[in-house]
Amino acid sequence: MIHSDPLPGDIGLTQISGRVGRLIRIGQWLNGNGFADYQHAFLVLPDNQLLEAEPGGARIRPLSSYEGADVLYVCPSGLSEQQRADICSASGAYVGVPYSFLDYVAIAAHRIHLPVPGLRRYISATGHMICSQLVDQCYKDAGVHLFGDGRWSGYVTPLALHRLLAG
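Computed from a predicted structure; not experimentally measured. (Residues numbered from 1 in each chain as written. Predicted model: local features only at pLDDT ≥ 70, side-chain atom pairs only at ≥ 80, totals over all residues. Heavy atoms only, no water.)

Some words on the packing of aromatic side chains
Note the cut-off: Centres within 6.5 Å are what make two rings of Phe, Tyr or Trp a pair, Trp counting through its six-membered ring; a difference in plane orientation under 30 degrees is then read as stacked, over 60 as edge-to-face, and the rest as tilted. Segments assigned H or I by DSSP are reported as helices when at least four residues long, segments assigned E as strands when at least two residues long, and all are numbered from the N terminus. Residue burial is assigned from relative accessible area. The probe radius is 1.4 Å, only protein chains are included, and a residue is buried under 20% of its type maximum, exposed over 50%, and partly exposed in between. Lysine NZ or arginine CZ positioned within 6 Å of the ring centre and within 35 degrees of the ring normal marks a charge as sitting over the ring.
Under the criterion given, the structure shown has 2 aromatic pairs. Each ring, one from Phe42 and one from Tyr66, has its centre 4.7 Å from the other, and the planes form 15 degrees; the classification is stacked. Here Phe42 is found in strand S3 (residues 40-45), whereas its partner Tyr66 is found in the loop between strand S5 (59-62) and strand S6 (72-74), with 24 residues between them in sequence. For the residue pair Phe42 and Tyr66, the accessibility class agrees, reading buried in each case. Measuring from centroid to centroid gives 6.2 Å for Phe42 and Tyr73, while their planes differ by 75 degrees, and the two rings are edge-to-face. Highlighted residues: Phe42 in strand S3 and Tyr73 in strand S6, separated in sequence by 31 residues. By relative accessible area, Phe42 is classed as buried at 0%. Look at Tyr73 and you get buried, because its relative accessible area is 9%. By the ring-pair criterion, three or more aromatic residues cluster together here, those being Phe42, Tyr66 and Tyr73. It is Arg151 that lies over the ring of Phe147; its NZ or CZ is 3.9 Å from the centre.

Considerations on the pattern of salt bridges
To keep things clear, this is the line we draw: By definition here, a salt bridge exists when the distance from a side-chain nitrogen of Lys or Arg to a carboxyl oxygen of Asp or Glu is within 4 Å.
This structure, assessed with the given rule, holds 6 salt bridges. Glu52 is paired through a salt bridge with Arg61; the nearest N and O atoms lie 2.6 Å apart. Taking relative accessible area as the criterion, Glu52 reaches 1% and is therefore assigned buried. As a salt-bridge pair, Asp136 and Lys140 come within 3.5 Å of each other at their nearest N and O atoms. Of the two residues, Asp136 and Lys140 both sit in helix H5 (residues 131-141), 4 residues apart, roughly one turn of that helix. Three or more residues are tied together by salt bridges with common partners; here these are Glu52, Glu54, Arg59 and Arg61.

Pasting the structure below:
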């Protein structure tokens, strides 16, 4: 479901410009998502705040940080107010969680079936997360499973969120 006005518990999807955006596009391409316009995901929180994963660690910022940016706000249809509150509440546990570009490589290795020992454990570890993993984990912690396709925990990119919720 797409929203024009963000609500707590919504997922914001947007572009990242520059070298970092290009690296994420390549990572998503390696994961079979192709080149697309969404390289970043964040979680909308109450009081016009958001939680996002960044190279320096996940942090809470004002939602106005994306004012003027092309942001698509999405969520699963039928999300209740209680579920939204639970998702936002779960987010507090992830402030400061380190970011890892290597997760894109690990997700790609899984996609192309490289026999890497411990790969599933690595992808699902919460010791570090990319933005889409962070959002997906907040939903899971609140009992809302976005993907019902049997995918490994943590096997999610911003474009996978777009395809699921806006496609």
